[in-house]
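Commentary on secondary and tertiary structure
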Amino acid sequence: RPAIRPALRRIGLAALVLASGVLPGQAASGPTLAVITADGVALLTAIDFVPDRAALDALLGADAEQQLIEVGSGTGDPDPGVRLRAIRALALYPTVTSRQALAAMISFGRLSVRGRDVLFLRAAVGALGAVGDPDDVGVLLPLLQFEPSRDVRATTADALRELGSVAAIEPLRQRFAEEQSDQVRLAISQALRELGM
């Protein structure tokens, strides 16, 4: 049990970093980071704020990526806001391990249509778009048909654009032809434009 305490403490500190957007004792910087400050310390920060990789690595050490994967996967039932930030933070770790973890989160998330689970799914899709490669197109394509959420479909089109694979062109065209949401149609048309079609 003594060996578990440092790990739990680091996870707790990671939760603090992910939740607050600043390292303990560090003043908030920049107007977009702090929503409300008192004595130079952020009290509220934007929900989508993710610390940079250097801050995460400094706090979490060599296994920062693995800790983020565990929190992002819901291990230990973390606070939903912390979990969301952990998933988004995986976009800072362009490794096979992160890609596989994000793909697993996406596969699991496709089964749910509950509010915050859709947020987790969108975060994983966006992160995979940022760190994935053209081979990850197959993980994302089924989400073009995710009828419970136009936001998921739009995020998927954006992620496919970021992956840059021509394998996404025909499925994007097909979805565009049947899509009713202007938001999704715009995301698909931007993706097709950047993919060269």
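The structure under discussion appears in the preceding block.
Computed from a predicted model, the values in this text were never measured in an experiment.

Let us look at the overall build of the protein chain. If you tally the helices and strands in the protein chain, you get 10 helices and 2 strands. In the protein chain, the order of α-helices and β-strands from amino to carboxyl end is α-β-β-α-α-α-α-α-α-α-α-α. Classification of the 197 residues of the protein chain by burial places 43% in the buried group. Residue pairs at least 24 apart in sequence account for 62% of intrachain contacts in the protein chain once pairs closer than 6 positions are excluded. Total accessible area on the protein chain is roughly 10,300 Å²; 55% of this is exposed by carbon and sulfur atoms.

What follows deals with the pattern of salt bridges. Evaluation of the coordinates by the stated rule reveals 11 salt bridges. For Arg53, the salt bridge identified is with Asp57, shortest N-O distance 3.2 Å. Separated by 4 residues within a single helix, Arg53 and Asp57 lie in helix H2 (residues 53-60), roughly one turn from each other. Under the relative-accessibility criterion, Asp57 is labelled partly exposed at 28%. A salt bridge links Glu179 to Arg175, with the shortest nitrogen-to-oxygen separation between them at 2.8 Å. As far as the burial class goes, Glu179 and Arg175 line up, both buried. If you follow the salt bridges from partner to partner, you end up with Glu147, Arg153, Arg175, Glu178 and Glu179 in one network.

A separate point is the packing of aromatic side chains. Note on aromatic pairs: each is described by the distance of the centres and the angle between the planes. For the structure shown, the criterion picks out 0 aromatic pairs. Cation over ring: Arg83 sits above Phe120, and NZ or CZ is 4.2 Å from the ring centre. Over the aromatic face of Phe176 sits the side chain of Arg185, whose NZ or CZ is 3.9 Å from the ring centroid.

To continue, consider the nonpolar core. Inside soluble globular proteins, nonpolar side chains tend to come together where they are buried. With 48 residues, the main nonpolar core has Leu68, Leu102, Ile106, Leu140 and Leu172 as its most contacted residues. Considering every element that reaches this core, the biggest residue donor is helix H6 (residues 115-131), with 9 residues.

Before going further, it helps to spend a moment on the packing of helix H5 (residues 96-109) against H6. Running from N to C, H5 and H6 cross one another at 145°; their axes reach a closest spacing of 9 Å. The handedness of the crossing between H5 and H6 is left-handed. Counting all contacts with H5, which are made through Arg99, Leu102, Met105, Ile106 and Gly109, the residues of H6 involved are Leu121, Ala124, Val125, Ala127, Leu128 and Val131. Taken together, the residues of the contact of H5 with H6 sort by class into 9 nonpolar, 1 polar and 1 charged.

On to the environment of Thr95, then. Within the element layout of this structure, Thr95 appears in the loop between helix H4 (80-89) and H5. Taking the relative accessible area as the measure of exposure, Thr95 reaches 27% and is therefore partly exposed. C-alpha separation for the pair Thr95 and Glu65, spaced 30 residues apart in sequence, amounts to 9.3 Å.

Parameters and conventions
- Residues numbered from 1 in each chain as written.
- Predicted model: local features only at pLDDT ≥ 70, side-chain atom pairs only at ≥ 80, totals over all residues.
- Heavy atoms only, no water.
- Helix = DSSP H or I, 4+ residues; strand = E, 2+ residues; numbered from the N terminus.
- Buried < 20%, exposed > 50% of the residue type's maximum accessible area, 1.4 Å probe, protein only.
- Contact = heavy atoms within 4.5 Å.
- Areas by Shrake-Rupley, 256 points an atom, 1.4 Å probe, with all protein chains shown as cover.
- Salt bridge = Lys/Arg side-chain N within 4 Å of Asp/Glu carboxyl O.
- Phe/Tyr/Trp six-rings, centres within 6.5 Å; stacked < 30°, edge-to-face > 60°.
- Lys NZ or Arg CZ within 6 Å of the ring centre and 35° of its normal.
- Core = buried A, V, L, I, M, F, W, Y, C linked by side-chain atoms within 4.5 Å.
- Axes fitted to C-alpha atoms, helices over the stretch in contact; angles between N-to-C directions.
- Left-handed = near helix turned anticlockwise from the far one by under 90°.
- Nonpolar A, V, L, I, M, F, W, Y, C, P; charged D, E, K, R; others polar.

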